[in-house]
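What follows is the residue order along each chain.
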Amino acid sequence: MKTIFNQALIEKYDKPGPRYTSYPPATEFHQGVGHEDYRRKLKESNVKANPLSLYVHIPFCESACWFCGCNVIISHRKDVTRRYMDYIYREMDMLKDNIDSTRPVVQLHWGGGTPNFLTVEEIEELFGKIEDSFRIDVDAEISVEIDPRYLSEWQLEAFRKVGFNRVSMGLQDLDLEVQKAINRIQTYQLMEKVMKDLRDLGFKSINIDLIYGLPYQTPEKFKKTIEQTIELQPDRVAVFNFAYVPWLKPLQRKIDPSTLPPPEDKLTILKMTIDIFQSAGYVFIGMDHFAKPEDELAQAQKEGTLWRNFQGYTTKKGVDLIGIGATSIGMLYDAYFQNYKTIRDYYLAIDGGKLPTMRGYLLTEEDIIRREVIMDLMCNFQCAFDKVERLFGIDFEERFSEELEELKGMEEDGLLKIHDRKIEVLPEGRLLIRNIAMVFDQYLKTKKEQRFSRTI
Ligand code: SF4
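Residues numbered from 1 in each chain as written. Predicted model: local features only at pLDDT ≥ 70, side-chain atom pairs only at ≥ 80, totals over all residues.

### Concerning the overall build of the protein chain
Turning to step 1, where the next piece is worked out: In terms of regular secondary structure, the protein chain is built from 16 helices and 19 strands.
Turning to step 2, where the next piece is worked out: A globule of 456 residues ought to have a C-alpha radius of gyration of about 23 Å, and the protein chain, at 22 Å, matches this closely.
Turning to step 3, where the next piece is worked out: If one aligns the C-alpha atoms of the protein chain with their principal axes, the spans along those axes are about 60 × 55 × 40 Å.
Turning to step 4, where the next piece is worked out: With 456 residues in all, the protein chain has 44% of them scored as buried.
Turning to step 5, where the next piece is worked out: Sequence-distant contacts, at least 24 apart, represent 73% of the contacts inside the protein chain between residues at least 6 apart. (Helix = DSSP H or I, 4+ residues; strand = E, 2+ residues; numbered from the N terminus. Rg over C-alpha atoms; globule rule 2.2 N^0.38 Å. Buried ≥ 20, exposed ≤ 12 C-beta atoms within 10 Å, placed from the backbone. Contact = placed C-beta atoms within 7 Å.)

### A look at the packing of helix α3 (residues 80–98) against helix α4 (residues 120–133)
When two helices pack together, their arrangement is given by the angle between the helix axes and the distance between those axes.
Turning to step 1, where the next piece is worked out: One way to put it is that α3 packs onto α4 with a least axis distance of 10 Å and a crossing angle of 10°. If you check the angle between α3 and α4, you find them roughly parallel. Contacts between α3 and α4 involve T81, M85, Y89, M92 and K96 from the former and E122, L126, K129 and S133 from the latter.
Turning to step 2, where the next piece is worked out: Of the residues that constitute the contact of α3 with α4, the class distribution is four nonpolar, two polar and three charged. (Axes fitted to C-alpha atoms, helices over the stretch in contact; angles between N-to-C directions. Parallel < 35°, antiparallel > 145°, perpendicular 65-115°, else oblique. Nonpolar A, V, L, I, M, F, W, Y, C, P; charged D, E, K, R; others polar.)

### Brief notes about the pairing of strand β8 (residues 236–241)
Turning to step 1, where the next piece is worked out: Two strands pair when backbone bridges link them, and strand β7 (residues 204–212) and β8 are joined in this way by six bridges, in the parallel orientation. In the sheet register, L210 faces β8, and the bridge partner there is V239. (Pairing = 2+ DSSP bridges.)

### Some words on the domain arrangement of the protein chain
When the parts of a complex come together, some accessible area is lost, and that lost area is often used as the size of the interface.
Turning to step 1, where the next piece is worked out: Each assigned domain of the protein chain is listed with its residue range as follows: domain 1 (1–24 + 364–456) and domain 2 (26–323).
Turning to step 2, where the next piece is worked out: Between domain 1 and domain 2, the C-alpha centre-to-centre distance is 26 Å.
Turning to step 3, where the next piece is worked out: Each partner contributes to the interface: domain 1 provides 20 residues, whereas domain 2 provides 21 residues.
Turning to step 4, where the next piece is worked out: With four residues, the top contributor of residues to the side of domain 1 that touches domain 2 is helix α12 (residues 365–380).
Turning to step 5, where the next piece is worked out: Its residues assigned to classes, the side of domain 1 that touches domain 2 comprises ten nonpolar, six polar and four charged. (Domains from an automatic or database assignment.)

### A few points about the sheet that holds strand β19 (residues 422–425)
In a beta sheet, neighbouring strands pair by backbone hydrogen bonds and run either parallel or antiparallel.
Turning to step 1, where the next piece is worked out: The antiparallel open sheet is built from three strands, whose spatial order is β17-β19-β18. Each edge of the open sheet is held by one strand with a lone partner, namely β17 (382–384) and β18 (416–419). When strand polarity is set aside, the average angle formed by the axes of neighbouring strands in this sheet is 15°.
Turning to step 2, where the next piece is worked out: By the bridge criterion, four bridges tie β18 to β19 in an arrangement that is antiparallel. Across the sheet, residue H419 finds its bridge partner in β19, namely K422.
Turning to step 3, where the next piece is worked out: Along the sheet face, α12 touches β17 and β19 and points at about 135° away from the line of β17.
Turning to step 4, where the next piece is worked out: The strands touched by helix α15 (residues 401–412) within the sheet are β18 and β19, with β18 carrying the most contacts at an inclination of about 130°.

### Some remarks on the site of the ligand
Turning to step 1, where the next piece is worked out: Every residue lining the ligand is accounted for by C61, A64, C65, C68, C70, V72, G112, G113, T114, D147 and G170.
Turning to step 2, where the next piece is worked out: Of the residues contributing to the shell around the ligand, the split by class is six nonpolar, four polar and one charged. (Near = placed C-beta within 6 Å.)

### Section: helix α7 (residues 188–200)
Turning to step 1, where the next piece is worked out: Between the first and last C-alpha of α7 there are 18 Å, a value that for 13 residues agrees with the 18 Å anticipated at 1.5 Å per step.
Turning to step 2, where the next piece is worked out: Where α7 is concerned, the buried positions are M191, V194, M195 and L198. Along the axis of α7, the buried positions cluster into a sector of 100°, meaning they face one direction only. When the buried face of α7 is taken as reference, the exposed residues oriented beyond 90 degrees from it are Q189, K196 and D200.
Turning to step 3, where the next piece is worked out: The elements touched by buried residues of α7 are β6 (166–172), β7 and α8 (219–232).
Turning to step 4, where the next piece is worked out: Once α7 ends, the next one or two residues include G202, with phi positive near 90°. (Expected span 1.5 Å × (residues − 1). Arc of directions from axis to C-beta.)

### Brief notes about the nonpolar core
Turning to step 1, where the next piece is worked out: If you look at the biggest cluster of nonpolar residues, it comprises 123 residues, and the most contacted ones within it are L54, I374, L377, I436 and A437.
Turning to step 2, where the next piece is worked out: The element that contributes the greatest number of residues to this core is α12, accounting for seven residues.
Turning to step 3, where the next piece is worked out: Three or more residues apiece are contributed to this core by two domains, here domain 1 (1–24 + 364–456) and domain 2 (26–323).
Turning to step 4, where the next piece is worked out: In this view, I374 contacts Y20, Y23, A437, F440 and D441; residues no more than four positions away in its chain are not counted. (Core = buried A, V, L, I, M, F, W, Y, C linked by C-beta atoms within 7 Å.)

### Topic: unusual backbone geometry
Turning to step 1, where the next piece is worked out: For the bond running from Y23 to P24, omega is -10°, close enough to zero to count as cis.
Turning to step 2, where the next piece is worked out: With respect to the element layout, P24 can be found in the loop between α1 (7–13) and α2 (35–48).
Turning to step 3, where the next piece is worked out: At the junction of G112 and G113, the peptide bond is cis and its omega measures out at 15° in the coordinates.
Turning to step 4, where the next piece is worked out: Among the secondary structure elements, G113 is positioned in the loop between β4 (104–112) and α4.

### What to know about helix α9 (residues 263–279)
Turning to step 1, where the next piece is worked out: Counted at 1.5 Å a residue, the expected span for α9 with its 17 residues is 24 Å, and the 24 Å between its end C-alpha atoms agrees.
Turning to step 2, where the next piece is worked out: Buried within α9 are the following residues: T268, I269, L270, T273, I274 and F277.
Turning to step 3, where the next piece is worked out: Looking at the buried positions of α9, the neighbouring elements they touch are β7, α8, β8, β9 (283–286) and β10 (289–291).

### Observations regarding the environment of E294
Turning to step 1, where the next piece is worked out: Residue position: E294 is located in the loop between β10 and α10 (296–303).
Turning to step 2, where the next piece is worked out: Look at E294 and you get exposed, because 10 C-beta atoms sit within 10 Å.
Turning to step 3, where the next piece is worked out: Counting along the chain gives 89 residues from E294 to S205, while the straight-line C-alpha distance between them is 9.9 Å.

### Re the packing of α4 against helix α5 (residues 153–162)
Turning to step 1, where the next piece is worked out: For the pair α4 and α5, the least separation of the axes is 9 Å and the interaxial angle reads 15°. On the basis of the axis angle, α4 is roughly parallel to α5. Both α4 and α5 take part in a crossing whose hand is right-handed. Each of V120, I123, E124 and F127 in α4 lies in contact with α5, whose residues at this interface are W154, Q155, A158, F159 and V162.
Turning to step 2, where the next piece is worked out: Across the contact of α4 with α5, the residue classes tally to seven nonpolar, one polar and one charged. (Left-handed = near helix turned anticlockwise from the far one by under 90°.)

The structure is reproduced here in C-alpha cells:
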C-alpha cells in the first residue's frame, strides 16, 4: 500500500508530537529512577529471559557537523578513547553481574558519535570484550554507524572480520553549497567507493541517512541528491526533517537561519522524496524511513512484527535493550533507563561503583497496554483489537471508548478506517501516523506538546 501526500490534511494536522521511539517518551524519564532500580529490574528481567539487544555508544567525532544534535565530543586526540573504553568495560562488568549469561544477544549496535573513530586495534579489543561478557547469537544482527569521511579500508575490514554484518552512514546532502553550510564535505565518489567496499566485504542492510530542511537546500537540488542516493542502491534510507533549535543544540548556532528553506519548500521536498523513493521501488516504512521490499524492515512490516526502539525501527520485538556508554538508553519490558550524558558524570558514577544511570522510567500496566497500541499503529499501520485483548485480558472498545470516539474525525478525513474490530491506517494517514498514535498517549493530555518536534 503506497503512502499518499495530501497537503490539506498535512496542514490541518501538523503539530508538535513525540516520535515514539518509546512509550512513554523520554520526556517522561525522571531522576527518581536510578541505578538501584536498574539493578533490580535487570535481575527481574532474567525470569522472562528475553533475548538481548546491546547498544554501545562511542561519543567521539573528528569534526563537528553544524546540524548535529547528538551528544558528541569533537577531538583529534585518538588517545581519548583509551580511558573511555576502560570505563565501558567496567560498566559491562557491572551489567554482567546482573544479567543471566545464558541470554543470547540477537542484536548488537555501535552508534555515536563515530564508532570508526576507534582504531583497528580498538575495534578488535572492544568487540572481543563484548564477546567475553555476553553470548552473541550466531545469527545476530550486528551493525555499526560509520562516517565515510574518516573511514580507512583497514577499519572496514576489521569491522567485518570481527562480525559486523550491517552498516548505517550519514550522507545528508550531496550539494556542495549545502555541505559547506553544514561543515560536512562528502563527495558522491567517496560514497560510491565506500558502497562498493561494503558490498565486496558482504555487508547487508546498508542504510543511508539524508536530511531535508538544511541551509541552501531547494527542491531541485535535493532531487539530485535523492537520485544519486538511489544510484548507490542502499537497502534502507532514512530522510530526517531538520529541526533548527540552536537554543537546544549549540552547534546549530553556526547555521544562518536566513539560508534555511521556507516551510513550503520543505513540504515540496517531502512530497518529492516520497514520490521518488516509492517510484524507485522502495517501501515507505513510516516516519522518515524507506526500505527495499526484500529488506528485513519491509518484511517485518508486512508480517506485522515491526517495532520501535531508541534507534528507530527494529525487527526485534520482545528483546531487552541494554545501553552501554555515556548517554545510552536501555529498555526492559517494564522499565527504561538512561546513562549520564557527559563522560565526566558517567566516569564519576562508575568510579563510585554504581551503574551510571542518570534517569529512567518504570512503566505501569496501563503504559504497557498503550505502548502496544501505539507501536502497532506506528510500525504496522494497524491495530487489531483481538490481539490487544488476548495479550492483556481487556475489552478494547470499553478501555479505549474515548479514543475510538476521537478517531472518528480522522476517519471522516480519510486518515484511517475502523472496521472488523481493527484500526487500519489508510494511505493518506501514513504520513500523519504520529497524530493518530498521539490519540492513545495519556501523557499528552496533561503535558504541553511544545517540547516535541512537529509531526511533519
Ligand atoms: S552528524 Fe555524526 S559525524 Fe557529524 S558531529 Fe554528529 S555524530 Fe559526529
